[in-house]
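Descriptive analysis of the structure
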Amino acid sequence: MSSFRPTSEEAEEHDNDYYVDAQDDNDDDEHDPDYEDDDDIDEDDMGLDLFEEEDEFHDAEEGNIQFLVQLDDDDEDGEDDEEVGEAANPQSPDDEERVAVQQRLIDLISTNSRRTGLLSRRQVVDFLRRSNLGHLAFGVGNDEDDEDLAFGFRRRRRNPDPDRFPKVPSEKGRELMNSGTFGANDVRPSISSRKRLARRILDRELGIGNRASRQINQGVMAQSMIPSSDAEMIVNYDDNVYSGQFSDDGNFFFACVKDMKVRMYDTSNPYNWRHYKTVPFTFGAWTLTDASLSPDNKWLAYTSIQSNVCLAPTDPNDTGDPYMLSLSEHNRGGWRGGFGIFSIRFSGDGRELVAGTNSNSIVVYDIESRTVLHTIEGHDDDVNAVCFADKSSPHILYSGSDDATIKVWDRRSMGDGREAGAFVGHIEGLTYLDSKNDGRYLLSNGKDQSMKLWDLKMMYTTARFEELNPRQHTQYSEFDYRWGRFDDADWFPHPHDNSLVTFRGHKVLRTLIRCHFSPPSSTNSRYVYTGSHDGKVYVYNMDATIAGIVDVKKASTEAGLRRSSGRRGIFEDRGYNGWSTIVRDASWHPTAPFIAASSLNGWDNAMGTVTLHSYNEASLDEGEPCMGTGYDEKLRPMDRMTSPSHTSEEDEDEDDDDDDGDSDF
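Moving on to the overall build of the protein chain. From N to C terminus, the protein chain includes 13 helices and 32 strands. Sequence separation of at least 24 residues holds for 61% of the intrachain contacts in the protein chain that already meet a minimum separation of 6. About 30,800 Å² of surface is accessible on the protein chain, with carbon and sulfur atoms providing 43% of the total.

Written out as structure tokens, the structure is:
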């Protein structure tokens, strides 16, 4: 079995690849938004293994790892226990006996992990695969058929086809770019980019050309202004920022932070933000997972790893507590309910909420009557993302799951629990879905390190989906994106892929990284973009070529190291591995050339930032305040040696509405 060998560039970042939140060492895994509960493991199995209650457990010494495996025997008197070590192989080559060894080994190490503090099933398998110890459990030799392991996880394919990756540029994507649906093509490629923009501005001011040509000219100008890596400002938080989005009109921005609070900002002037309100999530679990604005921008729904949804008014004058809505039928499971919510969306008419949960279900909730209309277990694994096909319509919605499929639902026929159709193409779980809001095109991000574009006209019907049984090609994957790197040798094109374009280059690791269509006004709908584990925002053309990269890590690291230089030794003493950045979400302003990137940032990703990046022709900074100026969560300028915690502690008990309405930059 091939071992994992990082490249030289990856080796330099090796210390940052063990993703442990240093500030939350005592948190339970059940509060992890990416934690996967193996309910199918027998909770009583520990009572049948070799260990007695009085047995003591010790860490194995380095270089002397052994596994003790008990094999069931049909003989009445039984046989001695079989010991398998580094240099030992299973005693019998028989496949059935090997299956017993495999299953027993996994059960001994991973069963009831939350009670014993041992490893999870997926972590055990990932450890064996990447440590070249698979032969101890799986008996892998030189047989031609050793790729088909009886235990069932998908191994690296031997001698994979080097031409299996999608072609770039994509021919289908190029057709879409030429169709006019995704922006316009520049007809002046011979002029330098800077001169082209100046010439187009001149043509606009002089009114040159007919109405159609002026409209194309305006669109090409908009799509040419991709924000740069230089940050206009950096908003700093004590905890990770998991989501941040502009409203559809650009007048509002919210940031969901791991400290169970949502910060609201007035961005009606994109160059002059104002913080005006902070709302909490009472008794939330682990982190805030998602948020959605109502169509009229008056209400914000936000969620955590529990079955309640907070509904808060965005009016700064409304200082009342948020409403708590329970999406768990009959309020089962206590205060937190029987499941956690990973994704939440308002319907187009603002009357309903749709949620994706870690109980493999989609929940439809009526806000006015405060009742659950439907709870449908439509997937085989966690539902990480939901969205509507068109924000103006409440009928068609999508759900994306860790079972690597996207389901299409019609609200008018959800009562029978059957999807209207499905998309197939990802070989690992889905992390996010975004609709172009035209009722046709859909974008998805996946743990297979790819982003895909879909066309509703090409979906599989339910009958065709069941006939193909696409899950047979992906259900045995044991890749855990929270801990390890994805090896491209494991990537293969799904045989039933019905996507239009596949985008590759960014990294989807550790957390549920999000992707979006670029807005029609400020970009002419030209691009798709996504966050990435390497601290960047990747902007793609529709033909899968890269149009631009916003390096959030570079911008935030330079500013962060300046502010924390006096405390660097403190972070290092605590075992923090260094300054690292994961861009979890990004939002392109609908009317201005700005991207706001929400990140897990700082020493060992222990803190969070929202960095604002704008289009700049040159790096020369002539304005005030200076580029890259740091602010706290309420947009008060930070001193060079001041951390966010110094200011937040002083105002912890302050009313957020007192004297902050005029805070700006």
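Next comes the rest of the write-up.
Here the focus is helix α6 (residues 171-179). Where α6 is concerned, the buried positions are G173, L176 and M177. What you see down the axis of α6 is that its buried residues fit within an arc of 100°, all on one side. In the core, the buried residues of α6 are packed alongside β21 (441-446), β22 (450-455) and β24 (501-504). A side-chain oxygen of the first residue of α6 lies 3.4 Å from the backbone nitrogen of K172; this N-cap is S170. After α6 finishes, the residue G180 shows a positive phi value of roughly 90°.

Going through the model one piece at a time under the given rule, you end up with 21 aromatic pairs. Between the aromatic rings of Y398 and F423, the centroid separation amounts to 6.4 Å while the plane-to-plane angle is 45°, which identifies the pairing as tilted. Here F423 lies in strand β19 (residues 421-424) and Y398 lies in strand β17 (residues 396-401), a separation of 25 residues in the sequence. We note that Y398, like F423, is buried. Centroid distance F423 to W454: 5.2 Å. Interplanar angle 40°. Geometry classified as tilted. Separated by 31 residues along the polypeptide, F423 in strand β19 and W454 in strand β22 bring together distant segments of the chain. Neither F423 nor W454 differs from the other in exposure class; each is buried. Put simply, the rings of F246, F253, Y265 and W273 touch in pairs and so form one group of aromatic residues. When the ring centre of W286 is taken as origin, the NZ or CZ atom of K258, which lies over that ring, is 4.0 Å away. When the ring centre of F182 is taken as reference, the NZ or CZ atom of K436 above it lies at 5.1 Å.

A cis amide bond links V168 with the next residue in sequence, P169, at an omega value of 5°. Look at M260: it is not a glycine, yet its phi comes out positive at around 70°. On the secondary structure map, M260 appears in the loop between β5 (252-257) and β6 (261-266). For M260, a relative accessible area of 12% puts it in the buried group.

Once that is clear, we can look at the pattern of salt bridges. Pairing is possible between side chains that carry opposite charge, provided their charged atoms lie close to one another. One pass over the full model with this rule turns up 20 salt bridges. In this structure, D248 engages K391 in a salt bridge whose closest nitrogen and oxygen atoms are separated by 3.0 Å. Linking D248 in the loop between β4 (241-246) and β5 with K391 in the loop between β16 (383-388) and β17, this pair joins segments that are 143 residues apart in sequence. Taking the relative accessible area as the measure of exposure, D248 reaches 57% and is therefore exposed. Overall, K391 belongs to the partly exposed group, its relative accessible area being 45%. For R263, the salt bridge is made with E633, and the minimal N-O distance between the two is 2.9 Å. With R263 in strand β6 and E633 in the loop between β32 (629-631) and α13 (644-650), this pair connects stretches of sequence that are 370 residues apart. The class for R263 is buried, based on a relative accessible area of 2%. When salt bridges that share partners are traced, they join D259, R263 and E633 into one network.

Rules used in this analysis
- Residues numbered from 1 in each chain as written.
- Predicted model: local features only at pLDDT ≥ 70, side-chain atom pairs only at ≥ 80, totals over all residues.
- Heavy atoms only, no water.
- Helix = DSSP H or I, 4+ residues; strand = E, 2+ residues; numbered from the N terminus.
- Contact = heavy atoms within 4.5 Å.
- Areas by Shrake-Rupley, 256 points an atom, 1.4 Å probe, with all protein chains shown as cover.
- Buried < 20%, exposed > 50% of the residue type's maximum accessible area, 1.4 Å probe, protein only.
- Arc of directions from axis to C-beta.
- Polar contact = N/O pair within 3.5 Å; in protein donor to acceptor, adjacent residues only side chain to side chain.
- Phe/Tyr/Trp six-rings, centres within 6.5 Å; stacked < 30°, edge-to-face > 60°.
- Lys NZ or Arg CZ within 6 Å of the ring centre and 35° of its normal.
- Salt bridge = Lys/Arg side-chain N within 4 Å of Asp/Glu carboxyl O.

Note that all results are geometric; they support no functional claim without further evidence.
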